[in-house]
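# Fold and contact review
Listed below are the residues making up each chain.
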Amino acid sequence: MNESAKLGKNLKCIRTAKGISQGEIGRILAVDKGFVSNIENGKTNPTLSTITKLAKALGVSSDELLK
């Protein structure tokens, strides 16, 4: 599994465990929910800045998203 796929899997797992929708994450980051979906599906390789914002929106560390 590549890094993008791992990040996406972790993002989806943490997001769903916390009961947060893709739309909510999109609103927090000011991006389209399709962008969040693409990250979760490993189709988009987000920047470090985006990863940091995602982690903050989910209330976890960047390390947690990337492991």
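Note that this is a predicted model, so its numbers are computed, not measured.

With that out of the way, let us pick up the overall build of the protein chain. Scanning the protein chain for helices and strands turns up five helices and zero strands. For 67 residues, the compact-globule estimate of 2.2 N^0.38 gives 11 Å, and the protein chain sits close to it at 10 Å. Each principal axis of the C-alpha distribution contributes one length, and for the protein chain these read about 30 × 20 × 20 Å. Within the protein chain, buried positions represent 37% of all 67 residues. For the protein chain, restricting intrachain contacts to residue pairs at least 6 apart in sequence, the fraction spanning at least 24 positions comes to 61%. For the protein chain, the exposed surface amounts to about 4,000 Å²; the carbon and sulfur share of it is 51%. For the protein chain, the distance from the average site of its 11 positive side-chain charges to the average site of its 6 negative ones is 3 Å.

Conventions used here
- The residue numbers shown here count from 1 along each chain, following its written sequence.
- Only residues with pLDDT of 70 or above have their local features reported here, since the model is predicted, and side-chain atom pairs are shown and tallied only from 80 upward, although totals for entire chains, interfaces and linings are computed over all residues.
- For the side-chain quantities, the full set of heavy atoms in the structure was used; hydrogens and water were omitted.
- Per the convention used, a helix needs a DSSP run of H or I reaching at least four residues, while a strand needs a run of E reaching at least two, with both numbered from the N terminus.
- With the radius of gyration taken over C-alpha atoms, the globule rule is written as 2.2 Å times the number of residues to the power 0.38.
- Exposure classes here rest on a 1.4 Å probe applied to the protein chains alone. A residue is buried below 20% of its type maximum, exposed above 50%, and partly exposed in between.
- Only heavy atoms matter for contacts: two residues are in contact if any of them lie within 4.5 Å across the pair.
- Accessibility throughout is a Shrake-Rupley quantity obtained with a 1.4 Å probe, and a residue counts as covered only by protein chains that appear here.
- This count recognises Lys and Arg as positive and Asp and Glu as negative, with His and chain-terminal groups excluded.
- In plain terms, the charge of a residue is placed at NZ if it is Lys, CZ if Arg, CG if Asp and CD if Glu.

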